[in-house]
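Residue-level listing of the chains:
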Amino acid sequence: MAKYDMVFMHAPSVYDFRKKPIFYGPVSDVIPSSPVFEMYPIGFMTISTHLQAAGYKTRIVNLAGQMLADDKFDVERKIAKIDSKVYGIDLHWMPHAHGAIEIAKLVKKYHPDALIEFGGFTSSYFYDELIRRPEIDLVMRGDTTEEPTVRMMDVLSKGGDLSTVPNLVWKDRDGRVHDNGITYSLENLDSIKFDYGVMIKNVMKTMDIAGSLPWKGWDKIPLTSVFTVRGCSVNCAECGGSHFANKRVVCRNKPAFRSPEKLAEDMECISDYMKAPIFIVGDIRQAGPHYTDTLLKEVRERGVKNHVVIELFNGASAEHFQKINHAFDGGWSIEFSPDSYDEMVRFALGKNYTNEAIEKTLPNAFRNGCDRLDLFFMTGLPQQTRESALETARGAKRLWDCVDKDDGLFIYDSPFAPFVDPGSRAFEEPEKWGYKLRARTLEDHRKLLDSPSWKHVLSYETEWMTRDEIAETSYDAAIILTNMEKDTGRISEEGARARNERTEVARGIMHHIDEVLKIVDEEERNRQLWDIKEEGVRMMDSTITDKKDLDWDCGSIWTNAPRMAVGLLKHALRRR
């Protein structure tokens, strides 16, 4: 008998990145995880919670995190030792197109009689291509698959007909493919069980700390999250999570919200376990002012003391921030992605707010209690020329000048990388948005990921910039941004010089790889690529930014151990 009913495995972006001469570049400088993209989706936790409530034994194994943490970690040995009826592998984010399938092959090698299921947004898009691969038995489509997964396990464990499981694509014993269609899509998210205690108990049962962490270093600087919504009311052209993409990929015609009462309960649950920052995914204004006011009232009444991070999808008033400041006793911060300081570019994307709105939002936030605000720009967008991208970097000085020197305004500028999101308007109608795509199928993307340089992984160029120009402009914009930060007194001369030197080293590595790739002799080409490997690894965490700027000041999970024990007991008693 298998030890587990379902084991969730998270793969690195590329398998095995430790054995390949890859220079990642600045593709993950503005997210918590590394370019290995070792952060697993929160769906692992919610689906596990539903399965455990139904009596099934589950486990989460972050293979990518373990590979990143330990050069000697033996992936195959780990997979061989874990016995399960079903192995769930996420292909949620497109950059996992290589690693996820390679891990599936290894699971099938060591557990030929087990079933392998894929799920996530990218799986939902490329479901037909995935199910025809010999190592994949099941694909679960959709964005609210907790209950369908329970129904699938009920059929597999107790008998029945897989054709009754909503959202499932599957093979019968003769290898014929069946598609049940997406017939299950929640209209609100209140029935979803959300409990970080599942992850904590997973660690306690398996004593596999590295394999359970959401990403490398999470135990030292934890960040938690709650979701206001699945789907989106906004229609940004380049976004795979836009309203258009959700309708195209998971048949979601309108956003499904979690009620403000349930969301506040989720936040309280996290605070019971740990005093880690809570990131509220989705602008809390999306569902209207009543939703916003109710959420803030509920959080205030529950006495949540954790630091809270909110998103903005456009500008916001002083009144909005005053309400937030009144509700969040543990302090609060903002994530805001205008993408470009060039209004023509921003409007082309579908973000119809002005620079004036941004410039009013920043002081509104800091004058009403905001601790920090992270603002993000990108290079490689529709209508964006090289000069437009560089002007965006220069525009950062004007934004810094809108607030006081001591205000925690952090501005980032990174390439739009590595792929145009499948399902987005830009991917489905590339000519309309000025994109020239180099990858359309899953296999196309897989092959690109195996390239030795981030520039060669890029799946696109635009009418306004070639791949070479996008890469060069990304580095040039980074240097201008650093100089603007120095000129506003937010970074020292020495700090700016060190960051710019690092950026130029990264650019030099990219150029070196370009030259090496011209070598005809494969053995010599590979030898020279391997000579660059160590320097590339050293550069991978903070290529053009200081990634430590993204960290929130909080204690490690180990300082929260007594709190976790009390929280587990509290929630166990509450369920009785």
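One can find the structure itself at the top, above this paragraph.
Here the structure is a predicted model, which is why all the values come from computation and not from measurement. (Residues numbered from 1 in each chain as written. Predicted model: local features only at pLDDT ≥ 70, side-chain atom pairs only at ≥ 80, totals over all residues. Heavy atoms only, no water.)

### Quick look at the sheet that holds strand S7 (residues 177-179)
Item 1. Strands sit in the order S2-S1-S3-S4-S5-S6-S7 across an open sheet of 7 strands; the sheet is mixed. Each edge of the open sheet is held by one strand with a lone partner, namely strand S2 (58-62) and S7. The sheet shows a mean angle of 20° between the axes of neighbouring strands, taken without regard to direction.
Item 2. Relative to S7, strand S6 (residues 168-171) is paired through 3 bridges, and the arrangement is antiparallel. Its bridge partner lying in S7, Trp-170 is registered against His-178.
Item 3. On the sheet, helix H4 (residues 97-110) packs against strand S1 (4-10), strand S3 (84-90) and strand S4 (115-119) and is oriented at approximately 165° with respect to S4.
Item 4. The sheet contacts of helix H7 (residues 146-158) involve S1, S3, S4, strand S5 (138-140) and S6, and relative to S5 the element is tilted by about 155°. (Pairing = 2+ DSSP bridges. Helix = DSSP H or I, 4+ residues; strand = E, 2+ residues; numbered from the N terminus. Axes fitted to C-alpha atoms, helices over the stretch in contact; angles between N-to-C directions. Contact = heavy atoms within 4.5 Å.)

### Considering the environment of Asn-188
Item 1. Looking at the secondary structure, you find Asn-188 in the loop between S7 and helix H8 (197-206).
Item 2. Put simply, Asn-188 and Arg-258 are 70 residues apart on the chain and 5.8 Å apart in space, counted from C-alpha to C-alpha.
Item 3. In contact with Asn-188, other than residues within four places in its own chain, are Ala-256 and Phe-257.
Item 4. Separated by 3.0 Å, the side chain of Asn-188 and the backbone nitrogen of Asp-190 make a polar contact. (Polar contact = N/O pair within 3.5 Å; in protein donor to acceptor, adjacent residues only side chain to side chain.)

### Regarding the pattern of salt bridges
Item 1. In this structure the tally under the stated criterion is 46 salt bridges.
Item 2. Close ionic contact of Asp-374 with Arg-372 constitutes a salt bridge, the shortest N to O distance being 2.8 Å. Comparing Asp-374 with Arg-372 shows no difference in burial state: the two are buried. (Salt bridge = Lys/Arg side-chain N within 4 Å of Asp/Glu carboxyl O. Buried < 20%, exposed > 50% of the residue type's maximum accessible area, 1.4 Å probe, protein only.)

### Some remarks on the nonpolar core
Item 1. Judged by nonpolar contacts, the single largest core of 78 residues is most densely connected at Phe-328, Ile-334, Leu-373, Leu-375 and Leu-409.
Item 2. Once residues within four sequence positions are removed from consideration, Phe-328 is found in contact with Met-267, Ile-280, Leu-296, Val-299, Val-308 and Ile-310.
Item 3. Counting 76 residues, the second largest nonpolar core, distinct from the first, contains Met-378, Tyr-435, Ala-439 and Ala-506. (Core = buried A, V, L, I, M, F, W, Y, C linked by side-chain atoms within 4.5 Å.)

### So, the pairing of strand S11 (residues 278-281)
Item 1. Here 4 bridges tie strand S8 (residues 224-227) to S11, and the two strands are oriented parallel to one another. Within the sheet, the bridge partner assigned to Thr-224 lies in S11 and is Ile-278.
Item 2. Bridge count for S11 against strand S12 (residues 308-312) is 2 bridges, and the pairing is parallel. Paired with Phe-279 across the strands is Val-309, a residue of S12.

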